[in-house]
Every structure is written in structure tokens, then in C-alpha cells.
Amino acid sequence: MLVSFGYTSCPDVCPAELQAMANAMDQLGAKAEQVTPVFITIDPERDTVAQIADYVKNFHARFVGLTGTPDEIRQAARAYRVYYLSTGPFGLPVIVSGAVFIPEGATPAGGWPMVSWAHGTVGVADVCAPSSAGRSVRDVTYLTAWLKAGYAIVATDYRGLGTIGRHPYIDGLSAARDVIDMARAARRVDNALSKTWFAVGQSQGAHAVLFASAIATKYAPELDFRGSIATAPITQWRMTVTETDALNPALPANPFAIALMAGMEAVHPFTCKAAD
């Protein structure tokens, strides 16, 4: 499901977002039949069912427009899965999935500050995407603590996990853009989110947020980036592969080496062949 929040009288941002969603649907081709694009109004007092139905059909035939009471709208926006666009190789757009979680209670002045969460290694297949596969008890406990402290959680799956294309495991620039663009996308979904944000990551995610820190202020100057928390980043992978003799076919398979080679092949498809 692709979900966007807005209102029919929105002059620029909403139409641009819906057109981007329509373009994403076209890019999916036959797989688009498995996706339902949804537009939920945040102005239910003025946007009638008929108005929304007429509005969304201007963008794509499969769009569904929804309205309800103000309380129902707020409840719908408490936790949801999203698809958004990030920047891929050669500056081309790529589709990424993720999730947004809003704290309970009244929105503070200026909006909820955001934690852009970068998860640790879960694999390189589509079924590994945390927004659909679920999260570990440790991650749920950790992220719940941030929610209770008054921070919205915006959590990327990373490109290639649950979306088109292969996952570029441990490619710092790709992951950094996914983390940053997740924060951008979340603010389009829910206007209760502040522009203030910081990145938090573990393991693979720690590697991602370190790279995000290096480009955040230039890549997304419209946001208020405050820094990163990186725990156990993957920084010595060359030594890990060498010291464990991970590429020796006579030894048991090393999961990290397999993921690493898959990631390298995804980033360098013409020069790196894992099968070799």
C-alpha cells in the first residue's frame, strides 16, 4: 500500500506527491496490481467523499481516496508503512519502503522531533524488510523507549529490501540517502512532525548514519539535522573477511561474506561478479 496524507485544495505539495506516487505505480508495471495507492485527507470537514474520489482519479486509476472524522484521521496516521523516493546511482530515483511511528498524546509546539532509525543487518532479500517482516524484541523495546520519550520514529528498510532492485549492503552513500529521505518523506505524510531530526543506527545502521552525518546538511538543508548516534558500526569488514578466511570454499559459509559480496555486486554490477 502507498499512502499519502493531504487535502484537495493543496496548491503544490500534494499534487506533486500524488504524481510521484502515480509515477511509482507506472514503474512497477504488472506488479502495480499488488499495490493500492491511498490518499487520506487531513481536512475532512471540507473534503467530501465525492470530492476526494474526483480528485484522486486525476492522478491514477487505482488511487483510493479516504476521509473520516478528525479522530479517525489522527488514528490512521499513528503508525503506517510508506514508500518513498530516494536518490539512486547517476541521480536517478529509486523506490524505498519504510515505516513511521507517531508518539501518543498531543502534538508539541513545533511538532514531534524525529529519530531516523537505521536498522542492523537482517539480510539482503525482499522478505527481510523490517516494515513487513517485523522487528526483533530488542529493536521494538529500544524504539518504544524513544517514542515514550517524545520522538517520532521514521524507519527506512533500505533500498532493495522489499522494493525493486538488489540491496546494496554496506554502500554508505546509498544507505545515507535512504536514512535522510525517510525523514523527508515522513514530514510529507504527517504534518505533526518537526523538521528537527537526528539519526540513530545499530551495526549496518550505524554505518549508515555515520555516512548520513557527512552529507545531511547539504543533501537536505531544509531539515534541522542535530547529529547521529552510531552503535557498533561495521568499520573493519576487510579485516573480518581476511582474518576469518571468509572466502575459503573449504570452510563453512560465512553469512557476512555472502551479504557483503551480494552488496558489492549490487553496487558494481559490471565489475563485480559474486559467482567468480
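Refer to the structure presented above.
Residues numbered from 1 in each chain as written. Predicted model: local features only at pLDDT ≥ 70, side-chain atom pairs only at ≥ 80, totals over all residues. Heavy atoms only, no water.

Draft legend 1. Focus on the sheet that holds strand 3 (residues 64–66). Taking strand neighbours across the sheet as the criterion, the three strands line up as 1-2-3 in an open arrangement whose pairing is parallel. On the outer flanks of this sheet lie strand 1 (2–6) and strand 3, each paired with one strand and no other. Pairs of neighbouring strands in the sheet enclose a mean axial angle of 20°, with direction left out of account. In this structure, strand 1 lies alongside strand 2 (residues 37–41), joined through five bridges in parallel fashion. Among the inter-strand pairings, Ser-4 is bridged to a residue of strand 2, identified as Phe-39. (Pairing = 2+ DSSP bridges. Helix = DSSP H or I, 4+ residues; strand = E, 2+ residues; numbered from the N terminus. Axes fitted to C-alpha atoms, helices over the stretch in contact; angles between N-to-C directions.)

Draft legend 2. Structural context of the packing of aromatic side chains. Enumeration according to the criterion identifies eight aromatic pairs in this entry. Each ring, one from Tyr-55 and one from Phe-59, has its centre 5.4 Å from the other, and the planes form 70°; the classification is edge-to-face. Among the residues examined, Tyr-55 registers a relative accessible area of 11% and is labelled buried. Judged by its relative accessible area of 17%, Phe-59 is buried. On the numbers, 4.8 Å between centres and 50° between planes, the contact of Trp-197 with Phe-225 is tilted. Of this pair, Trp-197 sits in strand 8 (residues 193–202) while Phe-225 sits in strand 9 (residues 224–231); the two residues are 28 residues apart in sequence, bridging distant segments of the chain. Of the two residues, Trp-197 and Phe-225, neither departs from the other in class, the shared state being buried. Sitting over the ring of Tyr-219, Arg-184 keeps its end group 4.8 Å from the ring centre. (Phe/Tyr/Trp six-rings, centres within 6.5 Å; stacked < 30°, edge-to-face > 60°. Buried < 20%, exposed > 50% of the residue type's maximum accessible area, 1.4 Å probe, protein only. Lys NZ or Arg CZ within 6 Å of the ring centre and 35° of its normal.)

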